[in-house]
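# Structural characterization, general
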Amino acid sequence: MRFPSPVIRGTLIQRYKRFLADVRLDDGRTVTATCPNTGSMLGLTSPGATVWLSESDSPTRKYRFTWEMVEVDLGHGPTLVGINTQHPNRLVAEAMTARRIKHLAGYPTFRREVRYGENSRIDLLLECASKGLCYVEIKNVHLSRRHGLAEFPDSVTVRGTKHLLEMMRMVRAGHRAVMLFLIQRSDARKLALARDVDADYGAAFDAAQAAGVEAIALRCRLSTEQIIVDRPVPIAG
């Protein structure tokens, strides 16, 4: 996924009301950007952090700028972290189209945002006449509290727990179900569940795996020009 125009560098002043952030751009302007992330963004919102914004020329938008990435350093050099949770579905769909996700190979078609279960939508529904259906739920990952270890979730996620239960039902119905953790940071070497953040999600994840729900983690490669799905990393524990 290439950014349609060059992202703009700035310094974070503050994130507030969850969906807004004030940023001082390198050219001296102070702007308010939308923050497309409902999570806590643990460890990513420190004032003074270097951030990158995209800019829209749409006349209907209230805020022209969108917060896309933040630079963090856990002691081994700076790395870019993608915070825009609207990107993962598109990133995975692009990788699927390019046949770069081996774990999900063999499905000639897929659909996005398909209704299923009890008033839920699956991010990707893969379809194959011989293999049947494969339900893929995508979770954005950007939390890291130790170099090389990405973690999910960064806050309590009742919705995420519900999705695991829905996928268990799909497996019981005879379908394949895959939980895909997309890590929007290139320094991750493995993924672990942040059970201290949400113990209920951890328990539901264990139950889902025991029931046959699969789980994979994919790391992204980020630059100021593009974000692409890079390679799988192991899931610890």
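Quick note: structure is the one above.
Residues numbered from 1 in each chain as written. Predicted model: local features only at pLDDT ≥ 70, side-chain atom pairs only at ≥ 80, totals over all residues. Heavy atoms only, no water.

Attention shifts here to the sheet that holds strand 12 (residues 176–183). The strands making up a sheet are joined through hydrogen bonds of the backbone, oriented either antiparallel or parallel. In spatial order, the strands read 7-8-9-12-14-15; together these 6 strands make up an open sheet with mixed pairing. For this open sheet the edge positions go to strand 7 (109–116) and strand 15 (227–233), each flanked by a neighbour on one side alone. Pairwise comparison of adjacent strand axes, ignoring direction, gives a mean angle of 35° for this sheet. As defined by bridge partners, strand 9 (residues 132–141) adjoins strand 12 across 8 bridges and the pair is classed as parallel. The residue bridging Val136 from the neighbouring strand is Val178, located in strand 12. (Pairing = 2+ DSSP bridges. Helix = DSSP H or I, 4+ residues; strand = E, 2+ residues; numbered from the N terminus. Axes fitted to C-alpha atoms, helices over the stretch in contact; angles between N-to-C directions.)

Scanning the model with the defined rule gives 4 aromatic pairs in all. Centroid distance Phe152 to Tyr201: 5.4 Å. Interplanar angle 70°. Geometry classified as edge-to-face. Here Tyr201 lies in helix 3 (residues 199–211) and Phe152 lies in strand 11 (residues 149–152), a separation of 49 residues in the sequence. When sorted by exposure, Phe152 lands in the same class as Tyr201, which is buried. The rings of Phe152, Phe181, Tyr201 and Phe205 are connected pair by pair, giving a single aromatic cluster. The positively charged end of Lys131 is found above the aromatic ring belonging to Tyr107, 5.8 Å away from the centroid. (Phe/Tyr/Trp six-rings, centres within 6.5 Å; stacked < 30°, edge-to-face > 60°. Buried < 20%, exposed > 50% of the residue type's maximum accessible area, 1.4 Å probe, protein only. Lys NZ or Arg CZ within 6 Å of the ring centre and 35° of its normal.)

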